[in-house]
Amino acid sequence: MSLVFSAITPIFLLVALGAVLKAKAGFSDESWTMIEKLTFNGLFPALLFVKIAESNVHWPTALPIATAIVIGIHLAAAASIPFRSLLKLNPEKFVAVFQGGFRSNAYVGIAVVLGVLGDDAAGPMAVSMLAVGVTINFLGVVGHLYWLKTPGQNTGVRGVAIDSVKNPLIQACLLGAVFNAVGWGLPPIIGPALNLLSQAALPMGLMAVGAGLSLSAVRGDMMPVALSCACKLLIQPLVTFGFCILFGLSGLALIVPVIFAALPTSSTSYVVSRRMGSDAQLMAAIVTATHLAAIITLPIIILAIT
């Protein structure tokens, strides 16, 4: 138990540091917006590419891991749909609840997996990141386009696919998987540069997560926030665990995808909400609430499956 908490505590301390810096150190919203853009478009894609390209992936378990994750994400997303009418949510609020219930914060995930399980977990982590990254970004775009029908956005399967593939996180995941599968690893010169760049991703990303949290926002729509938290922190990890067992996974191949399913909602959800027209204030509340709740739920889930 002490190992789990000692590995997770520094992660949430960095998140808290970001919140403190925003509140007390005079960093403007524009400053954090630039940090978000740098992390989203440069640092985090570099980290994903490096980790996936260099990982020792056990490919026979890759498909079951990815399948369990994809099913867990879709069922967690589907669990919120009946509540749209029950809670009388307008489309903007519902899409925030919808994507809040399945988007995992990979910044926290990478830090937790490497901190608790070490480098031996890099292979299943690479598969999990790829499955999560592609699925949540694709499904998030689908949700916005289907329920909001935002003017100017691509529609239909082809349009959604184009918008998703433009995402730098998905591009990094796919490119890293190609380099891994063909045995290239990290390319010379560029590879070490990307590796150096990637080392800034976790601290910058975690502090950016903290800067995006909003305790005041949580007090607003308690029921939608609670619903999204339940889908993300309870339904998704339970479903993913069940399908991992069904597929015969064990050890790190079981533990890592469940950790990724149990992560709090990604802070990039707030950025997506602002850019695509769903309720960004509610999204900020969901991101904040899931991070606060995950301080309790994540260690419990890790202890239960290890």
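What counts as what
- Residues numbered from 1 in each chain as written.
- Predicted model: local features only at pLDDT ≥ 70, side-chain atom pairs only at ≥ 80, totals over all residues.
- Heavy atoms only, no water.
- Helix = DSSP H or I, 4+ residues; strand = E, 2+ residues; numbered from the N terminus.
- Rg over C-alpha atoms; globule rule 2.2 N^0.38 Å.
- Buried < 20%, exposed > 50% of the residue type's maximum accessible area, 1.4 Å probe, protein only.
- Contact = heavy atoms within 4.5 Å.
- Areas by Shrake-Rupley, 256 points an atom, 1.4 Å probe, with all protein chains shown as cover.
- Lys, Arg positive; Asp, Glu negative; His and termini not counted.
- Charge placed at Lys NZ, Arg CZ, Asp CG, Glu CD.
- Expected span 1.5 Å × (residues − 1).
- 1 Å grid on protein atoms, 1.4 Å probe; cavity = no way out; pocket = protein on both sides within 12 Å on 5 of 7 lines; lining within 4 Å.
- Points joined across faces, edges and corners; volume = space filled by probe spheres on them.
- Nonpolar A, V, L, I, M, F, W, Y, C, P; charged D, E, K, R; others polar.
- Salt bridge = Lys/Arg side-chain N within 4 Å of Asp/Glu carboxyl O.
- Axes fitted to C-alpha atoms, helices over the stretch in contact; angles between N-to-C directions.
- Parallel < 35°, antiparallel > 145°, perpendicular 65-115°, else oblique.
- Left-handed = near helix turned anticlockwise from the far one by under 90°.
- Phe/Tyr/Trp six-rings, centres within 6.5 Å; stacked < 30°, edge-to-face > 60°.

Enquirer: How do you make sense of the overall build of the protein when you look at a structure like this?
Expert: From N to C terminus, the protein includes 16 helices and zero strands. Its C-alpha atoms give the protein a radius of gyration of 18 Å, near enough to 19 Å, the size a compact globule of 306 residues would have. For the protein, the spread of C-alpha atoms along the principal axes amounts to about 50 × 45 × 45 Å. Residues classed as buried in the protein amount to 54% of the 306 residues present. Of the contacts made within the protein by residues no fewer than 6 positions apart, 86% connect residues no fewer than 24 positions apart. Carbon and sulfur atoms make up 69% of the accessible area of the protein, which amounts to about 13100 Å² in all. Where the 15 positive side-chain charges of the protein centre and where its 10 negative ones centre are 7 Å apart.

Enquirer: For this particular structure, what's the right way to read helix H3 (residues 59-80)?
Expert: Note: α-helices contain 3.6 residues per turn, so residues at a spacing of three or four share the same orientation. For H3, which comprises 22 residues, the first-to-last C-alpha distance of 33 Å matches the rise-based estimate of 32 Å (1.5 Å per residue) to within 8%. All of the buried residues in H3 are Thr 61, Ala 62, Pro 64, Ile 65, Ala 68, Ile 69, Gly 72, Ile 73, Ala 76, Ala 77 and Ser 80.

Enquirer: Explanation requested: the layout of surface pockets in the structure shown.
Expert: Rolled over the atoms, a probe as big as a water molecule pinpoints where empty space is left. By volume, the second largest pocket is sized at about 260 Å³. Lining the second largest pocket are 16 residues, and of these Phe 12, Val 15, Ala 16, Leu 292 and Ile 295 lie nearest its centre. In terms of residues, the lining of the second largest pocket owes the most to one element, helix H1 (residues 2-24), which gives eight residues. Across the lining of the second largest pocket, the residue classes break down as 12 nonpolar, four polar and no charged.

Enquirer: What is the right way to read the pattern of salt bridges from this model?
Expert: Two side chains with opposite charge may pair up if their charged atoms get near one another. The full count for this structure, using the stated rule, is one salt bridge. Asp 279 is the salt-bridge partner of Lys 93, the closest N and O atoms lying 3.2 Å from each other. Of this pair, Lys 93 sits in helix H5 (residues 91-100) while Asp 279 sits in the loop between helix H15 (268-276) and helix H16 (280-305), and the two are 186 residues apart along the sequence. Relative accessible area serves as the criterion here: at 18%, Asp 279 is assigned to the buried category.

Enquirer: Help me out: how do you make sense of the packing of helix H6 (residues 106-117) against helix H11 (residues 201-212) in this one?
Expert: The axes of two packed helices give the description: the angle between them and the distance between them. Two elements in contact, H6 and H11, have axes whose closest approach is 9 Å; the angle formed by their N-to-C orientations is 130 degrees. As far as their axial angle goes, H11 and H6 are oblique. Considering the relative orientation of H6 and H11, their crossing is left-handed. Together, Tyr 107, Val 108, Ile 110 and Ala 111 of H6 and Ala 201, Leu 202, Gly 205, Leu 206 and Val 209 of H11 make up the contact between the two elements. Partitioning the contact of H6 with H11 into residue classes produces eight nonpolar, one polar and no charged.

Enquirer: Whenever I open this one, the side chain of Ser 228 confuses me. Can you help?
Expert: Tracing the backbone through its elements, the reader meets Ser 228 in helix H13 (residues 222-246). The buried category is assigned to Ser 228, whose relative accessible area is 0%. Setting aside chain neighbours within four positions, we find Ser 228 in contact with Ala 96, Val 97, Gly 100, Gly 101 and Ile 286.

Enquirer: Explanation requested: the packing of helix H2 (residues 29-54) against H6 in the structure shown.
Expert: Orientation of H2 relative to H6, taken along the N-to-C sense of each, is 35 degrees, at an axis distance of 12 Å. Seen along the crossing, H2 lies across H6 with a hand that is left-handed. On H6, the residues touching Thr 39, Phe 40, Phe 44, Leu 47, Leu 48 and Lys 51 of H2 are Ala 106, Tyr 107, Ile 110 and Leu 114. Along the lines of polarity and charge, the residues of the contact of H2 with H6 split into eight nonpolar, one polar and one charged.

Enquirer: Would you take a moment to explain the side chain of Ser 269 for this structure?
Expert: Positionally, Ser 269 belongs in helix H15. Given the relative accessible area of 0%, Ser 269 is considered buried. When near neighbours in sequence (up to four residues on either side) are disregarded, Ser 269 contacts Gln 99, Arg 103, Met 283 and Val 287.

Enquirer: What should I look at first to understand unusual backbone geometry in this one?
Expert: Only a minority of non-glycine residues have a phi that is not negative, and only a minority of peptide bonds are not trans. In this structure, Lys 88 takes a positive phi of about 55 degrees despite not being glycine. Following the sequence through the fold, Lys 88 ends up in the loop between helix H4 (83-86) and H5. The class for Lys 88 is exposed, based on a relative accessible area of 73%. Phi at Ile 189 takes a positive value of approximately 65 degrees, unusual for a residue other than glycine.

Enquirer: Hey, could you run me through the packing of aromatic side chains in this one?
Expert: Two descriptors summarise a pair of aromatic rings, namely the distance from one centre to the other and the angle between the planes of the rings. Here the structure, examined in full by the defined rule, presents eight aromatic pairs. Their ring planes at 35 degrees and their centres at 6.0 Å tell us that Phe 94 and Phe 98 sit as a pair that is tilted. One end of the pair is Phe 94 and the other is Phe 98, both in helix H5 and four residues apart, which spans about a single turn. Here Phe 94 matches Phe 98 in class, with each residue buried.

Enquirer: I tried to follow helix H14 (residues 252-261) on my own but got confused; where do I start?
Expert: Where burial is concerned, most of H14 is hidden: nine out of the 10 residues are buried. Three or more residues of H14 are buried, namely Ala 253, Leu 254, Ile 255, Val 256, Pro 257, Val 258, Ile 259, Phe 260 and Ala 261. On its buried side, H14 packs onto H3, H6, helix H7 (122-148), H13 and H16.

The quantities given are spatial measurements derived from coordinates; they are silent on function.
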